[in-house]
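Structure assessment
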Amino acid sequence: MAIATAGHIGVASHHDHIHPEPQSFIGKYIFSIDAKVIGIQYMVVGLLFFIVSGLLAEIVRAQLLTPTGAIVSNDTYNGVYSLHASGMIWMTIIPLVTGGFGNYVMPLMLGQRDVAFPWLNLVAFWMFPVAGVLLFGSFLVGAPDAGWTEYPPISLQGPPGTSLWCVAIFLVGISSSLTGINFLVTIFKMRAPGMTFTRMPLFVWAQMATAMLNMIATTALAAALAALFLERQFDIPFYDPGRGGSPVLWQHMFWFYSHPAVYIMILPAFGIVSEVFATFSRKPIFGYKMIAFSSIAIALLGFMVWAHHMFTSGMAPWLQLPFMILTMVVAVPTGVKIFSWLATLWGGKIEFHPAMLFSLGFLIVFTFGGITGVFLSSVPADLYFHGTYFVVAHIHYVLFGGSIFGIYAGVYYWWPKMTGRMMSYKLGVAHFWATFVAFNITFLPMHWVGLQGMPRRVAQYRPEFQFWNDVESIGSFILAGSTLIFLYAIAESMLKGKKAPANPWGARTLEWQVSSPPPYYNFKKIPAVLTNPYDFGEPLPYVGLVRDASNPEHPSTGRASSGTPAHA
Amino acid sequence: MAQHTAPQQKVDLGPGFWPVTIGLSIFNLIASYFIATTDLATYLPAAAAPAGEIDGLIKFMAVFGNAIFVYVTGFIIYFAIVWRRRASDAPDSIGIQVHDSPKLEIWWTAVPLVLMIALGVLSVKVWANLQSQSGDVLTMESIGHQFKYEFRYPKLKNSIYDEMHVPVGTPVALHVTSADVIHSFWVPQIRVKYDMVPGLVQTIRFTPNKTGTYPVICTEFCGTNHSNMAAKMVIDTPRDFNTWLTKQAQIQASGGGPVALTGGNAATGATLFSAKCASCHNANGGYEAKIVGPGLGKLASDPTHPMLVTGEKPDAAGISHILINGYQGPDKSQGKEGPSAGAMPNKAANALSNTDISNLTAYLLSLSAKKS
Amino acid sequence: MAVTSFSSLNTSHEAVHARYESVDSLYRETRDMRLLGFVLFLISDVVLFSAYIFAYLYLRNSVPNWPPINKDGHQLPRFDVAFAAINSCVLFGSGATMHFAMESWKHLKKPAFNMWMIATIVLGVLFLGGQAYEYHNAQVTWSGSTLGATFFTLTGLHGFHVFVGVIYLAVLYWQANKGVYTGSKYFGLTAGTLYWHFVDVIWVALFYLFYLM
Ligand code: HEA
Ligand code: HEA
Ligand code: CUA
Ligand SMILES: [Cu+2]
């Protein structure tokens, strides 16, 4: 350790200078530079886009009720599923898990008042709703219809909305790149005193790995999108084989981003469930270091596997092998996480809070999706699976079962912190079970249908697949219904939820040591950190926390007296 | 700081740990046995050589995939039940404070790693067989179009559309590529597929081993009628195959060369049209101006009917295609299947020569050009 | 397991306090975040260039002959190395003058700093002029071939960076003379220098790829 210098708790540095809270409505809620407000803005807009993209998915499922296509024309269908996927990935999950939870929770967890560059944060946020409006607005001029992957040459022929799609995704891309840089600097330079890397909460580790991916991969996507835009609008040849371009070039550039992007979507969810498992098992997270480092390992490996989406696309056959092997290797660090969480459950005092239920559901469903991912990674097998509903099933097991379950867990977990109100325990449990069951009804049969030969991205299909497609559609309608429970629970909590105490779950990370919701400045004094935050039963490892009426001292172990009942 | 309360002596793993573990293991053994002994082909029919090997690979993956999933899920449920918080627990009671166990962690890194190495080795082996060049007896080509498959045989002068034949027992090297956008060539019964990429040729190697008719499916999104892009692959006995090939060659010899898609004479076409087609088609109105068949005046420029009733694009290729083959089936002109409008006679029934078709095509296209 | 509460920390307050002080000094050493932020930005910018360089190499390798043929069918010529070499020297020269400007600032030599800064800006503008001249006389067009597409996209992107850089340097020059920076606090100047060297280095790669390779 460095030599001790004179000083008292909360040395007078510019960090200790508390900015006055803005008072106007606009300064407070619209163009706020407070990471907490920006985080909530991300969540609200993201939830809105989630509903839109989800409703598009319901159109997809309604269409597939009959083999000839029940409700819309082929062209409309193609636009609908393309925007469904683009909206879910770029307008829902990525903004929610990075901009949303990252902004709200991470500075608090680090014992800070804000992120490193608050203004940059504000700019990055506002690109996101603008991009979302552009994306969904493309319906007005002819929605992009070649899937979220927009492979040329078909995307070169696509309707005008395809160019709008390029612009929209470019914008969110820049936004998440900026957020990535912002978060990295925040994590490297703005930890509370004493918070060494190995004392950071695991959610912060996850955000760090994600931020690295965001910062690097997203720029490559920007390059690819700009080139597609130029080729569509100004006839600059990059991808058109008739003019010396290469369609496979797009695939390389696209997947160089989009594979890391799937880890952008899952790593923060890993972070969320790590927090939830520790808190609701009342146990230190098992194998803290391995979980932390495996996030980094996954992020690094994530850059070296992109061509596993291109096994049938026409790259040199020998190149398939390194990509296959590296893809398989990703299963190892991911497995380390899964097993460590299992071991965290062992010997716990597990409480079936909705956040915990979603995390447990996540563990089951994501493992399933990860294993089908490994199936896809084997080249000869992928030559069979590729382009079928088997892949669609994999997508939804990891994205819905992984990222969305993680997001739900995060919402139930941090809701009292963010809003200062408790959420109905019963509704949460009902939401979980409805979602979990409906999810499996919807997406499990897709594996089978895909194996039997149903290709993806079709508006019509061979009649023999109707039975399972109908099952899937009915499942998806129940799934939409289960989302209504969630929306209702939110509304109920906001209207008449009980006031939340500072630390309803008896959690130990720093965000729970301030009032709910936290004051504008988060911490009156920046606290110091003595050890990692998961040792239940020990005194809290923080020095310098200011306690007052809004943030009373409370036992660091067990649960606070208020909050939800302890269940048997 | 951290206080390890887990005693150094024998760790009590909790109630029922070993019975549950043994139970899950027995379940996995039985499941593995069933997976390993089931012939995948009874559920997913196979008709050509790499299918067997790939099925073997899939079965291998299914065995360990199932095992891992069952263990993980089983332990989650079991832990969640035994280690749940009980009503009798004090509000501040906590779990057993263990932090890690290097031994365990090494195990659960090593076991998946070994499994992945095994899968890698097996995959590479199957992959190598897919690449092997030996014994290309029948070499042929398939070219993807929006939205049909073109097939070329070395012994045939002209292409065949939407139906291919291969002889059973003969290794086939099928070169695939595309004329416009990316398509793909997939016959589920062969298992393997490759994309048909414009400007790039890829080769699918297989050896048919079961006669029958199988679907060729496009799995790469290629436009409005991607859903309906399909062809038939017929696996014949060598004799049937030769008969078929000879017959095709004869048809092509008698029918003259291929239909010229450009250079038709619109004026000649116009005369021909009033003679042969005007009974059923109006040359002035759009699609709605029906007589027996749809009005043809705006064939290539009708935004409400962007496609032909066959689902093909209203260009020279698509139009001559319907003139050659005729058409009766669902109306796909709106990018969605509607009811059939009746039967359009084929080339023979309308007594058209290839030149007639070129001329009629030119005439029909000229109609749209004028109106738009 | 004993149930302890926050208050129990008070008993060992002394020890904790000492520890807190030592970590706090560590904390203050790492406060300047802007440099890291800027470096990270440059890294993601490198990825942007790399993506197009990858595209260039990929397209180049996917045809049998390079330069490829134009859209009207004629074989494209290679670029004129001589002119570009001179222009490159202008840019590299500006890198040197920028270095001297920074050194002068560190040694508190304000007039020398001003001179070197102006030299840098002038050389930057000269380079842009050379670029414009070359674009004007180029025998390839943006939309004619993949060579044109990658050439104009990459050099255009680079030229845009130089353009932004020139404006950036002008602002820095103005700020420096307004007294915004001092002998020990001059982060803006550091960032400007970094940026300018970055633009230089990218050009080395582009020059090799388009003129020499
Ligand atoms: C959150 C998003 C997410 C995540 C986390 C993953 C994770 C993985 N994915 Fe997935 N993937 C997608 C989203 C995601 N994927 C999407 C959206 C597509 C389709 C894109 C499109 O075409 O539209 C896709 C497509 C896709 C393909 C291409 C299929 C094709 O089009 O032909 C492949 C092929 O290799 C693949 C593989 C994998 C692998 C190996 C993992 C691994 O990371 C999984 C690792 C996890 C586990 C393995 C489970 C836990 C581990 C253990 C319990 C240890 C023991 C396990 C073993 C030894 C097996 N994915
Ligand atoms: C995060 C990612 C994500 C999520 C969450 C989902 C969610 C869903 N997806 Fe999606 N999907 C993708 C990502 C995702 N999908 C991707 C990447 C593709 C590939 C696309 C491509 O090929 O390019 C895809 C493709 C895809 C297909 C294949 C299309 C095809 O290939 O032709 C299908 C088909 O069933 C489908 C269905 C669904 C369903 C039923 C849901 C359900 O979970 C949705 C549940 C519904 C809701 C959540 C909305 C409910 C809301 C309300 C009821 C609120 C109403 C109230 C108010 C108006 C206030 N998806
Ligand atoms: Cu051809 Cu899809
Ligand atoms: Cu991937």
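Read on for a plain summary of the structure. Just so you know, these numbers come straight off a predicted model, no measurement behind them.

What counts and how
Residues numbered from 1 in each chain as written. Chains lettered and ligands numbered in written order. Predicted model: local features only at pLDDT ≥ 70, side-chain atom pairs only at ≥ 80, totals over all residues. Heavy atoms only, no water. Helix = DSSP H or I, 4+ residues; strand = E, 2+ residues; numbered from the N terminus. Buried < 20%, exposed > 50% of the residue type's maximum accessible area, 1.4 Å probe, protein only. Contact = heavy atoms within 4.5 Å. Near = heavy atom within 4 Å. Polar contact = N/O pair within 3.5 Å; in protein donor to acceptor, adjacent residues only side chain to side chain. Nonpolar A, V, L, I, M, F, W, Y, C, P; charged D, E, K, R; others polar. Buried area = accessible area lost by both parts, 1.4 Å probe. Salt bridge = Lys/Arg side-chain N within 4 Å of Asp/Glu carboxyl O. Core = buried A, V, L, I, M, F, W, Y, C linked by side-chain atoms within 4.5 Å. Domains from an automatic or database assignment. Pairing = 2+ DSSP bridges.

Residues and elements named next belong to chain C. The residue F38 is located in helix α2 (residues 34-61) in this model. Judged by relative accessible area, F38 falls into the buried class, the value being 15%. F38 has contacts with Y168, F187, A191, L194 and Y195, leaving out every residue within four places of it along the chain.

To continue, consider the site of ligand 1. Inspection of the region around ligand 1 gives 33 residues, with W148, D382, H386, H394 and R456 of chain A positioned closest. Chains contributing residues near ligand 1 are chains A and B. Note that a nitrogen atom of ligand 1 is positioned 2.9 Å from one of the side-chain N or O atoms of H394 of chain A. A class-by-class count of the residues in the shell around ligand 1 yields 20 nonpolar, 11 polar and 2 charged.

Moving on, we come to the interface of chain A and chain B. Facing the 100 residues of chain A at the interface are 87 residues of chain B. Both faces combined, the contact of chain A with chain B buries some 7700 Å², and carbon together with sulfur accounts for 69% of it. Considering only the side of chain A, the residues that lose the most area to chain B are W346, K349 and Y384 of chain A, jointly responsible for 10% of the buried surface there. Taken together, the connections running from chain A to chain B amount to 1 salt bridge. D89 of chain B is the salt-bridge partner of K349 of chain A, the closest N and O atoms lying 3.5 Å from each other. The interface formed by chain A and chain B includes 21 residue pairs in polar contact (both at pLDDT 80 or more). With 16 residues, helix α10 (residues 317-345) of chain A is the single largest residue contributor to the side of chain A that touches chain B. Residues belonging to the side of chain A that touches chain B are distributed by class as follows: 57 nonpolar, 30 polar and 13 charged.

Turning next to the nonpolar core. W90 of chain A together with F185 of chain B are the most contacted members of the largest nonpolar core, which totals 328 residues. With 21 residues, helix α8 (residues 247-281) of chain A is the single largest residue contributor to this core. Shared between two domains, this core takes at least three residues from each, and those domains are domain 1 (17-80 + 103-130) and domain 2 (138-254) of chain B. Discounting chain neighbours no more than four positions away, the residues touching W90 of chain A are P95, W148, W165, I169, V172, L221, F254 and Y257 of chain A. The next biggest cluster of nonpolar side chains, apart from the first, holds 19 residues, and it includes C277, Y287, I322 and L323 of chain B.

Another point: the sheet that holds strand β3 (residues 160-161) of chain B. Residue and element names in this part refer to chain B. As summarised here, the arrangement of the 5 strands in space is β3-β2-β1-β5-β8, forming an open sheet in which the pairing is mixed. Looking at which strands have only one partner, the edges of the open sheet turn out to be β3 and β8 (202-206). In this structure, strand β1 (residues 138-145) lies alongside strand β5 (residues 172-178), joined through 7 bridges in parallel fashion. Its bridge partner lying in β5, M140 is registered against L174.

Counted according to the given criterion, the structure contains 11 salt bridges over all chains. The residue R61 of chain A makes a salt bridge to E472 of chain A at a minimum N-O spacing of 3.2 Å. Note that R61 of chain A is positioned in helix α2 (residues 35-63) and E472 of chain A in helix α15 (residues 466-496), a separation of 411 residues in sequence. As far as burial versus exposure is concerned, R61 of chain A and E472 of chain A are alike and both buried. As a salt-bridge pair, R462 of chain A and E464 of chain A come within 3.0 Å of each other at their nearest N and O atoms. For E464 of chain A, a relative accessible area of 52% corresponds to the exposed category. What emerges from the salt-bridge pattern is a single network uniting E141, E150 and R152 of chain B.

Attention now goes to the site of ligand 2. All names here are of chain A. If you check the shell around ligand 2, you find 34 residues, and the closest are R61, Y77, H84, H396 and R457. Within the side chain of Y77, one N or O atom sits 2.6 Å away from an oxygen atom of ligand 2. In this structure, an oxygen atom belonging to ligand 2 sits 2.9 Å away from a side-chain N or O atom of R456. Mapped by element, the contributors of at least two residues to the shell around ligand 2 are α2, α3 (74-109), α13 (389-419), α14 (425-452) and α15. No other element matches the 8 residues that α2 contributes to the shell around ligand 2.

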